[in-house]
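Fold and geometry: a report
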Amino acid sequence: MSDFQKKFDELLAQQVEKSGKLLTEFKAAGRVSKANPNKEDYSWWVENGQEMVQRWVEWRDGSGWDFFEPTPGVPAIELGMDIILDEVQIKMFLDRVMINQDGELVILDLKTGSRTPSSDLQLGFYAVGMEKTFGIRPKWGTYWMARTGTTTELVDLDHYSTEMITEIVTKFKKAQHAEIYLPNFSHCQMCGVVQYCRFKNFKNPNVKENS
Ligand code: SF4
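Residues numbered from 1 in each chain as written. Predicted model: local features only at pLDDT ≥ 70, side-chain atom pairs only at ≥ 80, totals over all residues. Heavy atoms only, no water.

Description of the site of the ligand
The full set of residues close to the ligand is Pro 183, Asn 184, Phe 185, His 187, Cys 188, Cys 191, Val 194, Cys 197 and Lys 200. Looking at the shell around the ligand, its residues break down into six nonpolar, two polar and one charged. (Near = heavy atom within 4 Å. Nonpolar A, V, L, I, M, F, W, Y, C, P; charged D, E, K, R; others polar.)

See below:
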């Protein structure tokens with residue numbers, strides 16, 4: 001058994017225990033294909049996860065980027081932050097904060113899925129989190145895609161001001177108080193409450209079933 005698989009098994013066992021579920025209750029992501037008839041299951045991750053780690057090592061070696069150290073000697077890996085915006089507590093963990101070749105700070109979020117996120121709002125929240133926590137605001141943000149071993153285009157996070165992010169939080173808070181929760185169908189595949197969701201399980205009485 002490889003070192004990767006040993007570590008993977010150890011972390012998987014921790015997650016299973018934390019969830020209070022059985023491993024068999026976990027769903028495999030991805031799509032059924034000829035190559036992956038069981039989707040991206042345990043075997044898929046053992047094989048591909050190791051390659052993703054290798055890609056990260058190679059990318060790091062070639063990037064010329066270094067880790068930002070909010071505290072000297074402690075690199076910004078899984079950097080935990082806890083901020084309050086409009087009386088709402090927001091917890092965040094930044095995968096990496098790095099310094100590029102030009103000496104600028106870059107928030108880097110690791111993505112193991114196949115889809116590049118359609119929005120950089122998550123990175124905007126992180127920029128505000130760093131500003132409020134450390135008094136330093138990273139200008140740039142990017143996603144590192146583990147399946148290709150490359151980063152997405154650097155996005156300028158300056159437009160995500162504290163005011164703008166706070167306004168989003170305020171609107172969310174108002175919606176929550178009014179119990180307005182809009183369904184987000186792009187996440188149904190991995191949703192833990194899909195069997196209870198009336199939007200997902202809604203049957204239109206005016207539509208005839210195919211016979
Ligand atoms: S199943 Fe319902 S609750 Fe879950 S992600 Fe889809 S719309 Fe949202």
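Here's the deal with the domain arrangement of the protein chain
Each assigned domain of the protein chain is listed here: domain 1 (1-63), domain 2 (65-178) and domain 3 (181-211). Computed from C-alpha coordinates alone, the two centres of domain 1 and domain 2 are separated by 25 Å. Each side of the interface is counted separately: domain 1 has 10 residues, and domain 2 has 16 residues. A combined buried area of about 1,100 Å² lies between domain 1 and domain 2, and 57% of that area is made up of carbon and sulfur atoms. On inspection of domain 1 and its partner domain 2, the count reaches one salt bridge. The salt bridge involving Arg 147 is made with Glu 40; its shortest N-O contact spans 3.0 Å. On the surface where domain 1 and domain 2 come into contact, there are five residue pairs in polar contact (both at pLDDT 80 or more). In terms of residue class, the side of domain 1 that touches domain 2 is built from five nonpolar, one polar and four charged. (Domains from an automatic or database assignment. Contact = heavy atoms within 4.5 Å. Buried area = accessible area lost by both parts, 1.4 Å probe. Salt bridge = Lys/Arg side-chain N within 4 Å of Asp/Glu carboxyl O. Polar contact = N/O pair within 3.5 Å; in protein donor to acceptor, adjacent residues only side chain to side chain.)

What to know about the packing of helix α3 (residues 121-134) against helix α4 (residues 162-177)
At a minimum axis distance of 10 Å, the contact between α3 and α4 shows a crossing angle of 115 degrees. With respect to the hand of their crossing, α3 and α4 are arranged in left-handed fashion. Of α4, the residues touching α3 (which contributes Leu 121, Gly 124, Phe 125, Val 128 and Glu 131) are Thr 162, Ile 165, Ile 168 and Val 169. A breakdown of the residues in the contact of α3 with α4 according to their chemical character gives six nonpolar, two polar and one charged. (Axes fitted to C-alpha atoms, helices over the stretch in contact; angles between N-to-C directions. Helix = DSSP H or I, 4+ residues; strand = E, 2+ residues; numbered from the N terminus. Left-handed = near helix turned anticlockwise from the far one by under 90°.)

What to know about the nonpolar core
Of all hydrophobic cores here, the largest spans 24 residues; its most connected members are Leu 85, Ile 90, Met 92, Leu 94, Val 97 and Ile 107. Of all elements in the fold, only β2 (77-85), β3 (88-99), β4 (105-111), α3, β5 (140-145) and α4 reach the threshold of two or more residues within this core. With six residues, α3 is the single largest residue contributor to this core. Leaving out residues up to four positions away in the same chain, Ile 90 has contacts with Met 81, Asp 82, Ile 83, Leu 85, Phe 125 and Val 169. (Core = buried A, V, L, I, M, F, W, Y, C linked by side-chain atoms within 4.5 Å. Buried < 20%, exposed > 50% of the residue type's maximum accessible area, 1.4 Å probe, protein only.)

Regarding α4
Note that an α-helix has 3.6 residues per turn; residues three or four places apart therefore point the same way. Taking 1.5 Å as the rise per residue, α4 with 16 residues should run 22 Å; its terminal C-alpha atoms sit 22 Å apart, in good agreement. Within the sequence span of α4, burial applies to Thr 162, Ile 165, Thr 166, Val 169 and Lys 173. The buried residues of α4 occupy an angular sector of 100 degrees when projected down its axis, which confines them to one face. Turned more than 90 degrees away from the buried face of α4 sit Glu 163, Lys 171 and Lys 174, all of them exposed. Looking at the packing, one finds that the buried side of α4 touches β2, β3 and α3. Looking at the residues trailing α4, positive phi occurs at Glu 179, about 55 degrees. (Expected span 1.5 Å × (residues − 1). Arc of directions from axis to C-beta.)

What about the pattern of salt bridges?
Applying the stated rule across the entire model yields 12 salt bridges. Between Asp 158 and Lys 139 there is a salt bridge; the shortest N-O distance is 2.8 Å. Taken together, the residues Asp 158 in the loop between β7 (155-156) and α4 and Lys 139 in the loop between α3 and β5 connect sequence positions 19 residues apart. Among the residues examined, Lys 139 registers a relative accessible area of 26% and is labelled partly exposed. Here the salt bridges share partners, and the residues they tie into one network are Asp 86, Glu 87 and Lys 173.

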